[in-house]
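So the chains spell out like this:
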Amino acid sequence: MPAGTLYRGREGMWSWVAHRVTGVLIFFFLFVHVLDTALVRVSPEDYDKVVATYKTPIVAVLEYGLVAAILFHALNGLRVIAVDFWAKGARYQKQMLWTVVGVWIVLMLGAIYPVLGHAARVVFGS
């Protein structure tokens, strides 16, 4: 496969950027998660305060963004694996990218109620 085949075209460039950005966002989430979990050993009271902030509607929206980042990163990662290890992968990379985007949208629509349902009830009432 010639160099640059995987990310040829505008779509490929943006999928490359989105894959790196989502990877960095997931890394920072994991870093913060390890820190806040470690807080329970240092100060259980402060840990309880931090966890209480996680139940706010703003954090629910951030969680939805986290779900979006993880899903896109995982689905696009599978696409990259297919392009790398399937003999016809490079030929179908654009179609696979649009399939990834379509599956991602469907899954994100399905995640609205489970992730944002509580926040909507808090903001708008039950």
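Given the structure is predicted, the values throughout are model-derived calculations rather than measurements. (Residues numbered from 1 in each chain as written. Predicted model: local features only at pLDDT ≥ 70, side-chain atom pairs only at ≥ 80, totals over all residues. Heavy atoms only, no water.)

Chemist: Looking at this structure, how should I read the packing of aromatic side chains?
Modeler: The way to describe two aromatic rings as a pair is by their centre distance and the angle between their planes. Under the criterion given, the structure shown has three aromatic pairs. The interplanar angle of 65° and the centroid separation of 5.5 Å between the aromatic rings of F27 and F28 together place this pair among those described as edge-to-face. On the basis of an interplanar angle of 85° and a centroid distance of 6.5 Å, the ring pair of F72 and W104 is categorised as edge-to-face. One end of the pair, F72, is in helix α3 (residues 57-85); the other, W104, is in helix α4 (residues 93-124), with 32 residues separating them in the sequence. (Phe/Tyr/Trp six-rings, centres within 6.5 Å; stacked < 30°, edge-to-face > 60°. Helix = DSSP H or I, 4+ residues; strand = E, 2+ residues; numbered from the N terminus.)

Chemist: I tried to follow the nonpolar core on my own but got confused; where do I start?
Modeler: Buried together is how nonpolar side chains tend to be arranged in soluble globular proteins. By size, the foremost hydrophobic cluster in this structure holds five residues: Y64, A68, M108, A111 and V115. Counting residues per element, the ones that place at least two in this core are α3 and α4. Contacts of A68, omitting those with residues within four sequence positions, involve W104 and M108. (Core = buried A, V, L, I, M, F, W, Y, C linked by side-chain atoms within 4.5 Å. Buried < 20%, exposed > 50% of the residue type's maximum accessible area, 1.4 Å probe, protein only. Contact = heavy atoms within 4.5 Å.)

Chemist: Before we go on, may I ask you to explain the UniProt feature "transmembrane region" (unreviewed entry) in the protein in this structure?
Modeler: Those residues carrying the UniProt feature "transmembrane region" (unreviewed entry) are residues 21-42, 54-75 and 96-116 in this numbering. As a span, residues 21-42 carries 100% helix and 0% strand, and end to end its C-alpha atoms are 32 Å apart. Taken as a whole, residues 96-116 contains 100% helix and 0% strand, while its terminal C-alpha atoms sit 29 Å from one another. (UniProt positions renumbered as here; feature names shortened; annotations may be inferred.)

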